[in-house]
Amino acid sequence: MTHDITAQALPPYADASEADRPLFIECDNLVKIYKVADLEVVALQGLDLLVREGEMMALVGPSGSGKSTLMNILGGLDTPTAGRVRVGEYNLLEMTRRDQVFYRRHMVGFVWQQTARNLLPYLTARENVELPMALAGFPARERHERAADLLERVGLADRMKHHPDRLSGGEQQRVAIAVAMANRPRLLLADEPTGEVDNTSAEQIFHVLRTLNQEFGVTVIIVTHDMTVATRVDRVVGMRDGRTSTEILRRREGDVAVGEEEYAILDRAGRLQLPEAYIEALDMRDRVRLRLEESHVQVWPEHHARPNGERPHEDNGAEE
Ligand code: ADP
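Residues numbered from 1 in each chain as written. Predicted model: local features only at pLDDT ≥ 70, side-chain atom pairs only at ≥ 80, totals over all residues. Heavy atoms only, no water.

**What to know about the nonpolar core**
We count it as follows: Residues grouped as a nonpolar core are buried Ala, Val, Leu, Ile, Met, Phe, Trp, Tyr and Cys residues, joined through side-chain atoms within 4.5 Å. The cut-offs for exposure are 20% and 50% of the maximum accessible area for each residue type, with area from a 1.4 Å probe on protein chains only; residues under the lower value are buried, those over the upper are exposed, and the others partly exposed. Only DSSP runs of H or I covering at least 4 residues are called helices, and only runs of E covering at least 2 are called strands; the numbering of each starts at the N terminus. By the convention used here, residues are in contact when the closest approach between their heavy atoms is within 4.5 Å.
Counting residues in hydrophobic clusters, the biggest one holds 39 residues, and the most contacted among them are Val129, Leu151, Val175, Ile177 and Leu188. Breaking this core down by element, the ones donating at least two residues are β3 (56-60), α5 (125-135), α6 (140-153), α7 (169-180), β7 (187-191), α8 (199-216) and β8 (219-223). Excluding residues that lie within four positions of it along the chain, Leu188 makes contacts with Gly109, Val111, Ile177, Ala180, Met181, Leu209, Val218, Thr219, Val220 and Ile221. In this structure, Val85, Val87, Tyr90 and Phe110 belong to the second largest nonpolar core, which totals 30 residues.

Okay, here's the thing in structure tokens:
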């Protein structure tokens with residue numbers, strides 16, 4: 001079945017200018033199944049996600065919830081089993097090999113948690129940044145200039161000739177960000193980029209991502225466990241069991257967050273996943289009591305007294 005996901009309601013947070021931005025990423029009922037020997041592992045089970053051009057968002061969730069799988073699909077490194085996923089003009093389910101190579105080289109940049117995975121040890125910082133441009137066929141002079149410009153933007157103008165082993169973990173990650181941005185991608189994916197560095201370095205890495213997001217308009221998705229990073233982005237999407245489950249959205253004025261609101265994802269079948277903390281706080285199980293009000297829906301744990309003082313056991317079953 002095809003489904004027009006552009007018709008999906010947008011949360012009321014979005015100020016007009018953001019809501020006017022075109023949708024850049026559309027994941028619709030995305031499924032990824034890994035087959036290991038005779039076993040099937042469902043890593044994504046019907047994931048829906050919309051991301052607007054130029055957004056900077058974080059993806060959080062317990063280990064095994066499908067974050068890396070989603071990043072690999074968005075990065076063109078893995079293909080989904082079913083569903084729909086579009087990034088810009090690319091339908092990632094139907095890419096030819098040629099499209100795939102172009103997509104990985106020009107549309108998307110990747111920063112990995114393991115600093116060693118991002119950089120070649122025998123090249124200087126500048127040579128590392130130039131490498132993707134060389135593979136894309138840019139002339140030497142342009143490579144040289146752009147690498148210098150990018151290293152300056154990530155605050156490493158004085159480290160250009162250093163090899164990775166002479167840079168701190170945080171500096172290496174900032175070089176990695178410059179490498180990822182070398183071919184001017186429209187999408188920057190960072191999988192736990194601050195996972196192996198101290199707080200000060202994490203702060204610098206975050207600052208660099210934010211700056212590039214603002215200066216180049218690149219859409220940034222950061223997978224993180226680091227709640228300080230998660231609180232500094234505009235939108236935090238929570239994942240659970242291979243689906244998006246919650247969202248925290250912030251309204252910003254300049255660099256300052258002026259409001260924060262938590263949302264749950266309502267899927268097309270009307271299913272709503274409550275945050276685990278809410279379920280625990282009110283000891284909700286199996287069933288919850290609902291009431292439709294004029295502007296909202298109220299949800300109580302089943303065992304809770306009703307607002308008018310009745311206990312659930314006084315029910316005559318008429319509602320069941
Ligand atoms: P997260 O990044 O949130 O920790 P992953 O996307 O790595 O989650 O994993 C989601 C699920 O898919 C897990 O159950 C994991 O074991 C499984 N999985 C991920 N990659 C593979 C793979 N290459 N082969 C088999 N199973 C995988």
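Additional details are given in the paragraphs that follow.
**Quick word on the environment of Val51**
Residue placement: Val51 occurs in strand β2 (residues 39-52). For Val51, a relative accessible area of 0% translates into the label buried. When the C-alpha positions of Val51 and Arg21 are compared, they lie 9.7 Å apart, and in sequence the two are 30 residues distant. Not counting residues within four places of it along the chain, the set of residues in contact with Val51 comprises Leu23, Phe24, Ile25, Met57, Thr219 and Arg235.

**Notes on the sheet that holds strand β5 (residues 90-91)**
Note the cut-off: DSSP calls a pair of strands paired once it identifies at least 2 bridges connecting them. Axis lines are fitted to C-alpha atoms, over the contacting stretch for helices. Their N-to-C directions set the angle, which ranges from 0 to 180 degrees.
As summarised here, the arrangement of the 4 strands in space is β2-β1-β4-β5, forming an open sheet in which the pairing is antiparallel. Looking at strand neighbours, the two that pair on one side only are β2 and β5, the edges of this open sheet. Across 2 bridges, strand β4 (residues 82-87) lies against β5 in antiparallel orientation. Following the sheet pairing, Arg86 is matched in β5 by Asn91. Across the sheet, helix α2 (residues 67-74) is in contact with β1 (23-36), β2 and β4; its angle to β1 comes to roughly 115°.

**Observations regarding the packing of aromatic side chains**
Put simply, the rule reads: Working definition: a ring pair exists when centres of Phe, Tyr or Trp rings (six-membered ring for Trp) sit within 6.5 Å. Plane angles under 30 degrees give stacked, over 60 give edge-to-face, the rest tilted. Cation placement over rings: the criterion is NZ of Lys or CZ of Arg within 6 Å of the ring centroid and within 35° of the ring normal.
Inspection of the entire model under this criterion finds 2 aromatic pairs. Geometrically, the ring pair formed by Tyr90 and Tyr103 is edge-to-face, given 5.3 Å between the ring centres and 70° between the ring planes. Here Tyr90 is found in strand β5, whereas its partner Tyr103 is found in helix α3 (residues 97-107), with 13 residues between them in sequence. On the basis of relative accessibility, which here comes to 14%, the residue Tyr90 falls in the buried class. A relative accessible area of 0% places Tyr103 in the buried class. Note on Phe110 and Trp112: the rings are 4.2 Å apart at their centroids and 5° apart in plane angle, and the pair reads as stacked. Considered together, Phe110 and Trp112 belong to a single accessibility category, that of buried residues. Across the ring face of Trp112, the terminal group of Arg117 is positioned such that the distance to the ring centre comes to 3.6 Å. One cation-aromatic arrangement involves Arg146 over Phe138; the distance from NZ or CZ to the ring centre is 4.6 Å.

**A few points about unusual backbone geometry**
You will see that Asn29, though not glycine, has its phi angle at about 55°, which is positive. As for its position among the elements, Asn29 is in strand β1. A relative accessible area of 37% means that Asn29 is categorised as partly exposed. Despite not being glycine, Glu192 shows a phi value in the positive range, around 50°. Of note, Glu192 is situated in the loop between β7 and α8.

**Some words on the site of the ligand**
Here is the rule: In these notes, residues near a molecule or strand are those with any non-hydrogen atom within 4 Å of it. All accessible areas in this document rest on Shrake-Rupley with a 1.4 Å probe, and a residue is counted as covered only by the protein chains that are shown.
Taken together, the neighbourhood of the ligand is formed by Tyr34, Val36, Val41, Ala43, Pro62, Ser63, Gly64, Ser65, Gly66, Lys67, Ser68 and Thr69. Considered on its own, the ligand offers 550 Å² of accessible surface; in the complex 62% of this is hidden by protein. Secondary-structure elements contributing two or more residues to the shell around the ligand are β1, β2 and α2. Ranked by the residues each element gives to the shell around the ligand, the list is headed by α2, at 3 residues.

**Focus: the pattern of salt bridges**
To keep it simple, the criterion reads: Here a salt bridge means any side-chain nitrogen of Lys or Arg lying within 4 Å of a carboxyl oxygen belonging to Asp or Glu.
Counted according to the given criterion, the structure contains 19 salt bridges. With a shortest N-O distance of 2.9 Å, Glu55 and Arg235 are connected by a salt bridge. Remark: Arg235 occurs in strand β9 (residues 235-240) and Glu55 occurs in the loop between β2 and β3; sequence separation between them is 180 residues. Here Glu55 and Arg235 have matching classes, each one buried. The shortest N-O distance in the salt bridge between Arg159 and Asp158 comes to 3.0 Å. Members of the salt-bridge network, linked through shared partners, are Glu26, Arg84 and Arg86.

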